[in-house]
Amino acid sequence: MFSDTGHNWKQYRQEDSIGAFPGNSNADSVVQHKLQHPVIARYVRLLPLDWNPNGRIGLRLETYGCSYDSDVVSLDGHGSLLFGLRPRPMQMTRESISLTFKSLRNSGILLHAEGQSEHSLVLELEKGKLLLLLRKGRSSSPDSQHLVSLGNLLDDQHWHHVAVEHHSTHLNLTVDKSTLWVQIPPRLTHWDHDQMSVGADHGLGSRRSVGLNRNFHGCLENLVYNGVNLVDLAKKKDQRVTVKGTVTFSCAEPVFVAMTFTSPQSFLRLPRATEASSPTGTSVGLQFRTWNKAGLLLTFDLPKREGAVWLYLSKARVHLQIHKSGRAPLELNAGSALNDGQWHSVELISRRGHLTVSVDGGEGATAHASPPFLITTGGQLFFGGCPAEGSSQDCMNPFKAFQGCMRLLTVHNQPVDLIPVQQRLMGNYSHLQIDMCGIIDRCSQSHCEHGGSCTQSWSTFHCNCSGTGYNGATCHSSIYEQSCEAYKHKGNTSGYYYIDVDGSGPIRPQLMYCNMTEDKTWMVIQHNNTGLTRVRPAPGKDQHSAHFEYASEEEQLAAVVSQSEHCEQELTYLCRKSRLLNTPDGPLLSWWVGGPGAGQVQTYWGGAPPGSQQCSCGLQENCVDPKHYCNCDADRTEWANDSGLLTHKETLPVRSLVLGDVQRPGSESAYRVGPLLCHGDKNVWNAAFFDKETSYLHFPTFHGELSADISFLFKTTSSSGVFLENLGIKDFIRIELGSSTEVLFSFDVGNGPLEVRVASGSPLNDDRWHRVRAERNVKEASLRLDELPAATREAPADGHSHLQLNSQLFIGGTASRQKGFRGCIRSLQLNGVTLDLEERARITPGVQAGCPGHCSSYGSLCRNRGRCSERPNSFACDCGSSAYTGAFCDREVSASFKSGTSVSFTFSEPPSSEPNGSSTGGSLSSSSIRPDVNLRAENVSLSFRTSQGPALLLYVGSYRREYLALLLNKHDMLEVRYRLDSSKDAEILRSTATNLANGQLHAVVIGRVADAVSVQIDQNTKEDFNLTSDVEFNAIRSLVLGRVHDSGELDPVLSPLASLGFTGCLSGVLFNSVSPLKAALLRPDTSPVVVSGPLVQSNCGSTSANPYAAETTHHLSGQSGSVGTGQPVVNAIRSDSALIGGVIAVVIFVTVSALAVMARVLYRRKGACQSREAKTAKPDDNPELAFSGQPGSHRGPSENQREYFI
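Residues numbered from 1 in each chain as written. Predicted model: local features only at pLDDT ≥ 70, side-chain atom pairs only at ≥ 80, totals over all residues. Heavy atoms only, no water.

Summed over the entire model, instances satisfying the criterion amount to 16 disulfides. Between the sulfur atoms of Cys824 and its disulfide mate Cys851 the distance is 1.7 Å. Across the S-S bond of Cys824 and Cys851 the torsion is about 75 degrees, and the bridge reads as right-handed. Within this pair, whereas Cys824 is found in strand S62 (residues 823–830), its partner Cys851 is found in the loop between strand S64 (847–849) and helix H7 (855–858), the two being separated by 27 residues in sequence. On the basis of relative accessible area, Cys824 is assigned to the buried category, the value being 3%. One disulfide bridge connects Cys862 with Cys877, the sulfur atoms lying 2.0 Å from each other. (Disulfide = S-S within 2.5 Å. Helix = DSSP H or I, 4+ residues; strand = E, 2+ residues; numbered from the N terminus. Buried < 20%, exposed > 50% of the residue type's maximum accessible area, 1.4 Å probe, protein only.)

If you want it as structure tokens, here you go:
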């Protein structure tokens, strides 16, 4: 402990922990300790913690230090100094102010500097915090001033160092060991201070109301402005110094003996002051400061032990409670928010039947009462708490014990001298530190990250992470994933997600759209003008320019592009008499700017390589004019189109576009810059395989002094091994597989090893991926394994906080080459930064880059008969044998049928004389079921929704007049009809489920093996049947949904139903491995399927679908465009129709013959076209056709997709 007065001691702390040092163990050896940071003091106090059991008590001490010059001035709250700073040095590039102060009040002006241009600087204490105010003029508006704050509890009557360094556009503000970098607004960067007031304002402009005493009360030391010691000038009575009021050049201060209640066992007992007591009343006063909302301040018994009095804090207010036998309890309360760490005074006065509780001299509040009995101290007074149970019967505390500081105790208006108490000459105490206030501000060091708000109690602090996007004890770890790829492999489907590209790093999460297709996972980053935009000539301008503002911040945009495996952006130009790039040898007419930061000028177009000054047609040598390298450069009167994808990541995203040939008569053009699309996450799949226990990878030292988070995935067949280790001189950090069911996280920050363990209920050496997340901060350490609850361990209350490492970081092993890990480690991230394991593994013996075998862990994500397909750095769900589609084969394929709708899937041409073979599955082609196969088994599943009964749901026919039919009969019951022998009648298998034509969705599953048939409807019990005829289904020809046009071969019962058709919804239709709906809706050009009548894809097969909205179709949402300034315009692109003719030009001439031809074509194609989206037309003289079906347009969000706020 140290002090400069012999009182008001201060505990020396190392890294916010109490400094403890081992002493000598014998009479001769010397133990030397070097303090981490120096202290300025006249007195040093040592507190022995332990004794040598084998020797005698003794101490020989030497201290080493440096010479220290001190120029001190003392201000009494009324006096001040005024300095003239002329002449000012010219063209100063750096200005500085430094001083040391000790304050007796929690508020007051330290100094105020101002110049002729009314630029001013104020350093002021306010409630124990240092405020720096920069201002121009007398106004207090936010635009004319800039205010920052640093430090807290600076009114503790100890010296505090302050420094301000001004560097043109910024300044550094230092208070003790904390430095704050401050960006100065441009209007406040010029300093021309020519006078400075110290200790008062002197009317140079005030930030507060007139009448409040803002003068400083305390001592200032070594006040230096730009190298000039101003206190020394004042001592020498320099003519530039004006002294006002009482100013002395020594630091004289009153002695306030405080005491610290350190724990719930703390208390102070004072004897009854009989000589000062009065039979007519009593008074007790004290000052306290604390962070706690509750705690006992004072208690004593009434005379003759007829009752008791409690003065205590509750909900940060002062409460008085008096219990007297035979009387109703008396309660008073006063004050509010008294747990702010400031000194507050409380006084209890009882005089002649009048009771008063006053807080802060009446400023906080005063409560009054007139009890019908006299209140006097009948015995001893207890402050802060009571002795342990059993040690005294004179004190009872029904409330929490007080933790904080007290001073200036008075009893009957007489001050209490605590020095005799400290010397055990008066009263008694326990767990009390006398002559010091040990309050600590744990929130001032901003341990709460990412904008989390800090609150504290006496012994700890708490971070409120609400609304930050982060969690943990210090709001360190992001609650969001770092890419769409990571969301996908947690089983999520397409939608809007918050993406935090650097995890626990400084980049904030952003809402992005993730399009998770079967093949790739696309991250879609929109900007302010993704629509097709017509170029309108602007008077007086030869060029048209557009600037694109992206929905993501610059840092996040750069991180997304960097960590993605592939990025692309569509660039399209539609033109008529409007050239694009001209020729490689001619002047450049148009260009665009792209790349990180401000970007670089790019002279190529979509589909061509950088720097080529070409379009894609020039690269492919198919431009409309071979003399030019872009279609638009041919300068024709017909509409032309230059479009393509920009795929070079170093030039993305497109930031601006300049078009230079837009002003000539007859020129018309339009452009489109699509959203930035990226897929693949190099971080997620970055992996290494360690095939020996002695193999490892090494990286530079891990720096996680105050907070560290480590996450990775592993899979192994070994039962133990070290994943990661980094050592220091004493400190270390390690994560290891302790056993086949346990992961261990251990570390040491200088106060002994700590361990956190998580045990799994199942083996971890199952060769499946498992995720580990470990975090260590100044408050706690936590470890999480997969989705098990996190295990946590609090940091020691007086432990060190900085983790100091100096060796290399070892991955997969240790420096001793023992207990190495055998297996795979993937996606290793330290504080949000991914370590490139693959790059290091390629040059390290015993370690292989990459790690295959993802389906063992993620195969369960593939649903509805989808198969997991391995990829080098990922996996995919193959939905070929599933009736579903989507990234996980989980998106139902449904369609709305009308009575005239028919979907016919043909398995093959008429059978040949080839011998019978076995069936093959997995494809939608006709080879999936050959007609010469004798099927002895089928699996049929579908869902339907209808109000029609009777109705034919599905019909499978053969070339041998055999068939399988699913229908609803006139009683709305399901019938399965098999005719496997053409010479016999069909066998009818009737389910017992009723009311199936009720407009609700019903699922049907039918399975047959030889003569055994099972039928299950919804969640009902499976029903079993047996066929009595043949068991082979021969020469299958086709499967029909809806109306059966060729119904001549059907029996009389089925024929009317087949011609009637089906009205309603069919979904997820699967016959063995064939999905006819999927083929008709998604792959009509490559599948042997014929559609007639209206067929509309919808979501009617969803269990949450509205049956009255069964024909709702899927569309891509239109994106508003903008012209030049980024203002929204009316034009928008819709991918379901791709109609943009109204955007570019109005068709003014349409011949009658063209209308007739169009009508004829539409009439012929009506049935087929309604079943799927219109195909892309060949570009001609119409710009809307030139633009339809542009690449990349299918990757945006659709109208009916939801936003997920994960």
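Before going further, it helps to examine the environment of Thr242. With respect to the helices and strands, the residue Thr242 is situated in strand S18 (residues 241–244). For Thr242, a relative accessible area of 36% corresponds to the partly exposed category. Separated by 162 residues in sequence, Thr242 and Ser80 have C-alpha atoms that sit 8.5 Å apart. Apart from residues lying up to four places away in sequence, Thr242 is in contact with Ser80, Leu81 and Leu82. (Contact = heavy atoms within 4.5 Å.)

Moving on: the nonpolar core. Formed by 64 residues in total, the largest nonpolar core has its most connected members in Ile499, Tyr573, Leu580, Trp605, Leu676 and Phe875. Beyond its immediate stretch of four places on either side in the chain, Leu676 contacts Met523, Val524, Ile525, Tyr550, Leu557, Val561, Cys567, Glu568, Gln569, Leu652 and Pro653. The next biggest cluster of nonpolar side chains, apart from the first, holds 48 residues, and it includes Val956, Tyr978, Ala993 and Phe1071. (Core = buried A, V, L, I, M, F, W, Y, C linked by side-chain atoms within 4.5 Å.)

Across the sheet, seven strands lie side by side as S79-S78-S77-S72-S82-S69-S84; this open sheet has antiparallel pairing. One side of each edge strand has no neighbouring strand; the edge strands of this open sheet are strand S79 (1023–1026) and strand S84 (1095–1098). Across this sheet, the average inter-strand angle for adjacent strands is 25 degrees, counted without regard to direction. (Pairing = 2+ DSSP bridges. Axes fitted to C-alpha atoms, helices over the stretch in contact; angles between N-to-C directions.)

Turning our eyes to something else, we now look at the packing of aromatic side chains. Summed over the entire model, instances satisfying the criterion amount to 24 aromatic pairs. Note on Tyr312 and Phe399: the rings are 3.8 Å apart at their centroids and 15 degrees apart in plane angle, and the pair reads as stacked. Taken together, the residues Tyr312 in strand S24 (residues 307–314) and Phe399 in the loop between strand S30 (381–383) and strand S31 (404–411) connect sequence positions 87 residues apart. When the ring of Tyr496 is compared with that of Tyr513, the centres are 5.1 Å apart and the planes differ by 65 degrees; the resulting orientation is edge-to-face. Residue Tyr496 is located in strand S39 (residues 495–499), and its partner Tyr513 is located in strand S40 (residues 510–516); the two are separated by 17 residues in the primary sequence. Classification of Tyr513 as buried rests on a relative accessible area of 2%. Pairwise contacts between aromatic rings join Phe690, Phe712, Phe714, Phe723 and Phe821 into one cluster. The lysine or arginine in question, Arg424, covers the ring of Tyr429, its NZ or CZ lying 3.9 Å from the ring centre. (Phe/Tyr/Trp six-rings, centres within 6.5 Å; stacked < 30°, edge-to-face > 60°. Lys NZ or Arg CZ within 6 Å of the ring centre and 35° of its normal.)

This brings us to the confidence of the model for the protein. Of the residues in the protein, 85% reach a pLDDT of 70 or more, and the chain-wide mean stands at 82. The weakest mean pLDDT in the protein belongs to helix H10 (residues 1141–1144) at 36; the strongest belongs to strand S20 (residues 259–261) at 95. pLDDT under 50 marks residues 204–211. Its contacts with residues more than four places away, or in other chains, come to 21 contacts. Confidence over residues 1105–1194 falls short of pLDDT 50; this stretch has 153 contacts with residues more than four positions distant or in other chains. (pLDDT = per-residue confidence, 0-100.)

This brings us to the sheet that holds strand S76 (residues 987–990). Spatially, the seven strands line up as an open sheet ordered S76-S75-S74-S73-S81-S70-S83, and their pairing is antiparallel. Whereas interior strands pair on both sides, the edge strands pair on one side only; in this sheet they are S76 and strand S83 (1089–1092). The mean inter-strand angle of the sheet, taken between neighbouring strand axes irrespective of direction, is 15 degrees. The pairing of strand S75 (residues 974–979) with S76 spans four bridges and is antiparallel. Across the sheet, residue Arg977 finds its bridge partner in S76, namely Ile988.

Further remarks concern unusual backbone geometry. Geometrically, the link from Leu652 to Pro653 is a cis peptide bond, its omega value of 0 degrees lying close to zero. Tracing the chain through its elements places Pro653 in the loop between strand S47 (640–646) and strand S48 (654–659). Cis peptide bonds are those with omega within 30 degrees of zero, and the linkage from Gly949 to Pro950 qualifies with 0 degrees. Among the secondary structure elements, Pro950 is positioned in the loop between strand S72 (937–945) and strand S73 (951–958). For Lys127, which is not glycine, the phi dihedral falls at a positive 50 degrees. Inspection of the secondary structure puts Lys127 in the loop between strand S9 (119–126) and strand S10 (129–136). Its relative accessible area of 53% is what places Lys127 among the exposed residues. With a phi close to 60 degrees, Asp767 is a non-glycine residue in the positive phi region. Along the chain, Asp767 falls in the loop between strand S57 (754–759) and strand S58 (770–776). Using a relative accessible area of 37% as the deciding quantity, one classes Asp767 as partly exposed.

Structurally, Gln563 can be placed in helix H4 (residues 554–563). For Gln563, the side chain forms a polar contact with the side chain of Asn683, separated by 3.2 Å. Apart from the residues within four sequence positions on either side, Gln563 is in contact with Gln482, Ser483, Val501, Gly680, Asp681, Lys682 and Asn683. (Polar contact = N/O pair within 3.5 Å; in protein donor to acceptor, adjacent residues only side chain to side chain.)

As a further point, take the environment of Ser494. Mapped onto the secondary structure, Ser494 falls in the loop between helix H3 (484–488) and S39. Along the primary structure Ser494 and Gly886 are separated by 392 residues, whereas in three dimensions their C-alpha atoms are 9.0 Å apart. For Ser494, the side chain forms a polar contact with the side chain of Asn515, separated by 3.5 Å. Within polar-contact distance, the side chain of Ser494 engages the backbone nitrogen of Met516 at 2.8 Å.

With that settled, the discussion passes to the pairing of S57. Only one face of S57 is covered, namely the one carrying Leu754, Val756 and Val758; the face carrying Glu755, Arg757 and Ala759 has none of its residues buried. By the bridge criterion, six bridges tie strand S56 (residues 742–748) to S57 in an arrangement that is antiparallel. Considered in S57, the bridge of Leu744 is made with Arg757. What sits between the antiparallel neighbours S56 and S57 is a turn of five residues, in which Gly750 has the positive phi angle 100 degrees.

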